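Structural overview for review
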Amino acid sequence: MDAVVLREGEQTPTVVEKPKPEPEPGEALVETLRVGVDGTDHEVINGLHGGFPDGEDHLVLGHEAVGVVVDPNGTDLTDGDVVVPTVRRTPGESNEFFERGEPDMAPSGQYWERGIEGAHGFMAEYFTSPADCLVTVPAAMADLGFLVEPVSITEKALELAYASRSAFDWNPESAMVLGNGSLGLLTLAMFEHTEGFDRTYCLGRRDRPDPTIDIIEELGATYVDSRQTAVADVPDTHEGMDVIYEATGYAKHAFETIRALEPNGVGALLGVPDSWEFEIDGGALHNEFVLHNKALVGSVNSRVEHFEAAVETLETLPEWLFDDLVTGVYGLGELDRAFDDDDTTIKTAVEFSTYEER
Ligand code: NAP
Ligand code: BGC
Ligand code: ZN
């Protein structure tokens, strides 16, 4: 079968021939429909994040997949089920986090991430997966099911953020997303359509005309240009924010977020930056946290419950958003376009098969 891999020493994905996988007991065989591409894939390709499976010279890419079960192999799944796989797997031996059903809370070294860290991903004509790591989605989601995984990331981050504000009567009205990449825009859509904030904002660093700014404004949010308004200065120009969701991977934003929050507000940090040393006024930030009851939570990955919530969320988002957000779905013959990283590309996916074709 064809698979999209990153070979050791290279920074361009390539199509190679690999054997079709055989499901082990407890696993199902899935025919892949589409696999999305996000900022993390670009970080993996550029050698900034993740790692190859032990003893292998290549990594099958892709962690945002949707496919169809073609061999349930004695599991509870049914031939023809449309499924989305979760990302984390046990690193050989299981551990307490996987046994509790909370692999997303496992620390580094206690998990593999398919397509990212230590385990091959889903960007191949077929993949196998333990059945309990496959979330069944409606057949109508066969085309857009590759968005379930990224939305699940925000379901988890918001759960953690809201939990930190659950000890008092908190009524958030304003929310800002830092970053106008695909994760940021999906989150902004959730802020508008499922979270119901009165005022929403999204930070970027682009000039108009720009397709992401068009989406931000079509969603009813205000675009903020970080070249004109630093995150720390947001309260001076737009008021402080009750919720801030960082999806830029720009390390200074983690600290600037503290100042940009309203008293009692919470920031969720999602970016995975490289090492970067810079000066901060630690005393002022410490004081700001304490005297204004602020919180910051880091959040990574997601588990089955978040995938299930993401399916419901996707059903509430408007059709036009998907048309504008998904700027291209490409077959293996146009792989380079799927991995384009220019300003006209927002969200892409690699297509292996279609639900109708099967
Ligand atoms: P992405 O497409 O690279 O999006 C990042 C966006 O942030 C880009 O649009 C970029 O703008 C913008 N940006 C970066 N620095 C900025 C600055 N200083 N001011 C304003 N805008 C800035 O990535 P993504 O897929 O949306 O993911 C976002 C981040 O979340 C990445 O760091 C990714 O690694 C991380 N992530 C984490 C998790 C998790 O589980 N924690 C899950 C998924 C993704 P330009 O395009 O104009 O440069
Ligand atoms: C993936 C997560 C993963 C994280 C860190 C994200 O892009 O969506 O599942 O945990 O990267 O590797
Ligand atoms: Zn991702």
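The coordinates are above.
Here goes a summary of the coordinates provided. (Residues numbered from 1 in each chain as written. Chains lettered and ligands numbered in written order. Predicted model: local features only at pLDDT ≥ 70, side-chain atom pairs only at ≥ 80, totals over all residues. Heavy atoms only, no water.)

**So, the overall build of the chain**
For the chain, the helix and strand inventory stands at 11 helices and 19 strands. For 358 residues, the compact-globule estimate of 2.2 N^0.38 gives 21 Å, and the C-alpha radius of gyration of the chain, at 20 Å, lies within 12% of that figure. For the chain, the C-alpha atoms occupy an extent of roughly 60 × 45 × 40 Å along the three principal directions. Looking at the chain as a whole, 53% of its 358 residues qualify as buried. Sequence separation of 24 or more characterises 71% of the internal contacts of the chain that already satisfy a separation of 6 or more. Accessible area for the chain stands at about 15800 Å²; split by element, carbon and sulfur atoms hold 45% of it. Between the averaged position of the 22 positive side-chain charges in the chain and that of its 71 negative side-chain charges there is a distance of 3 Å. (Helix = DSSP H or I, 4+ residues; strand = E, 2+ residues; numbered from the N terminus. Rg over C-alpha atoms; globule rule 2.2 N^0.38 Å. Buried < 20%, exposed > 50% of the residue type's maximum accessible area, 1.4 Å probe, protein only. Contact = heavy atoms within 4.5 Å. Areas by Shrake-Rupley, 256 points an atom, 1.4 Å probe, with all protein chains shown as cover. Lys, Arg positive; Asp, Glu negative; His and termini not counted. Charge placed at Lys NZ, Arg CZ, Asp CG, Glu CD.)

**Some points on the coordination of the zinc ion (ligand 3)**
Coordination of the zinc ion (ligand 3) by the protein involves Asp38 (OD) and His63 (NE2), with metal-donor separations of 2.1 Å. Taken together, the 4 donor atoms surrounding the zinc ion (ligand 3) define angles of 76 to 158 degrees at the centre, an arrangement classified as irregular. With Asp38 in the loop between strand E3 (27–37) and helix H1 (39–45) and His63 in the loop between strand E4 (58–60) and strand E5 (64–71), this pair connects stretches of sequence that are 25 residues apart. Each member of the pair, Asp38 as well as His63, is classed as buried. (Donors = N, O, S within 2.8 Å, 3.2 Å for Na, K, Ca; no water. Tetrahedral: all angles 85-135°; square planar, octahedral: opposite > 155°, others 65-115°.)

**Remarks on a negative patch on the surface**
Among the surface-exposed residues, Asp214, Glu218, Glu319, Asp323 and Asp324 lie close enough to one another that they form a single negatively charged patch. Element by element, the count of residues in the negative patch is highest for helix H10 (residues 319–325), at 3 residues. Within the secondary structure, Asp214 sits in helix H5 (residues 211–218). (Patch = residues over 30% accessible without salt bridge, like charges linked within 9 Å, V, L, I, M, F, W, Y side chains within 5 Å. Salt bridge = Lys/Arg side-chain N within 4 Å of Asp/Glu carboxyl O.)

**A few points about the site of ligand 1**
What surrounds ligand 1 is a group of 26 residues, the closest being Gly39, Arg205, Arg206, Ser226 and Ser299. A distance of 3.3 Å separates an oxygen atom of ligand 1 from a polar backbone atom of Ser182. One of the side-chain nitrogen or oxygen atoms of Ser226 is found 2.7 Å away from a nitrogen atom of ligand 1. Considering ligand 1 on its own, with 920 Å² of exposed area, one finds that the protein chains cover 84% of that surface. The set of elements that each furnish at least two residues to the shell around ligand 1 consists of H1, helix H4 (182–195) and strand E13 (199–204). Here the element with the most residues in the shell around ligand 1 is H1; it accounts for 3 residues. The residue inventory of the shell around ligand 1, partitioned by class, reads 8 nonpolar, 14 polar and 4 charged. (Near = heavy atom within 4 Å. Polar contact = N/O pair within 3.5 Å; in protein donor to acceptor, adjacent residues only side chain to side chain. Nonpolar A, V, L, I, M, F, W, Y, C, P; charged D, E, K, R; others polar.)

**What about the pairing of strand E6 (residues 82–85)?**
Within a regular strand, side chains alternate between the sheet's two faces. Where burial is concerned, the two faces of E6 agree: the one with Val82 and Val84 and the one with Val83 and Pro85 are both buried. Summarising the sheet, E6 and strand E11 (residues 134–137) pair through 4 bridges and their orientation is antiparallel. In the sheet register, Pro85 faces E11, and the bridge partner there is Leu134. (Pairing = 2+ DSSP bridges.)

**Thoughts on the sheet that holds strand E9 (residues 118–119)**
Read from one edge to the other, the open sheet built from 3 strands follows the order E7-E8-E9, with strand pairing classed as mixed. Each having just a single partner strand, strand E7 (88–89) and E9 make up the two edges of the open sheet. By the bridge criterion, 2 bridges tie strand E8 (residues 112–114) to E9 in an arrangement that is parallel. Directly across from Arg114, in E9, lies its bridge partner Ala119.

**A few points about the nonpolar core**
Val148, Phe191, Tyr245 and Leu314 are the most contacted members of the largest nonpolar core, which has 53 residues in total. Once residues lying within four places of it in the same chain are set aside, the contact partners of Phe191 are Leu158, Ala175, Met176, Val177, Gly196, Phe197, Thr200, Val243 and Tyr245. Counting 27 residues, the second-largest nonpolar core is a separate cluster that includes Val37, Val44, Phe127 and Phe352. (Core = buried A, V, L, I, M, F, W, Y, C linked by side-chain atoms within 4.5 Å.)

**Overview of the packing of aromatic side chains**
One pass over the structure, following the stated rule, counts 7 aromatic pairs. Measuring from ring centre to ring centre gives 5.2 Å for Tyr250 and Trp276, while their planes differ by 70 degrees; the resulting arrangement is edge-to-face. One end of the pair, Tyr250, is in the loop between strand E15 (241–246) and helix H7 (252–260); the other, Trp276, is in the loop between strand E16 (261–269) and helix H8 (282–291), and 26 residues separate them in sequence. A ring pair is formed by Trp276 and Phe278, whose centres lie 5.0 Å apart and whose planes are at 70 degrees; its orientation type is edge-to-face. The exposure class of Trp276 is partly exposed, given its relative accessible area of 39%. The rings of Tyr250, Phe255, Trp276 and Phe278 are connected pair by pair, giving a single aromatic cluster. The aromatic ring of Tyr126 is capped on one face by Lys20, whose charged end is 4.3 Å from the ring centroid. (Phe/Tyr/Trp six-rings, centres within 6.5 Å; stacked < 30°, edge-to-face > 60°. Lys NZ or Arg CZ within 6 Å of the ring centre and 35° of its normal.)

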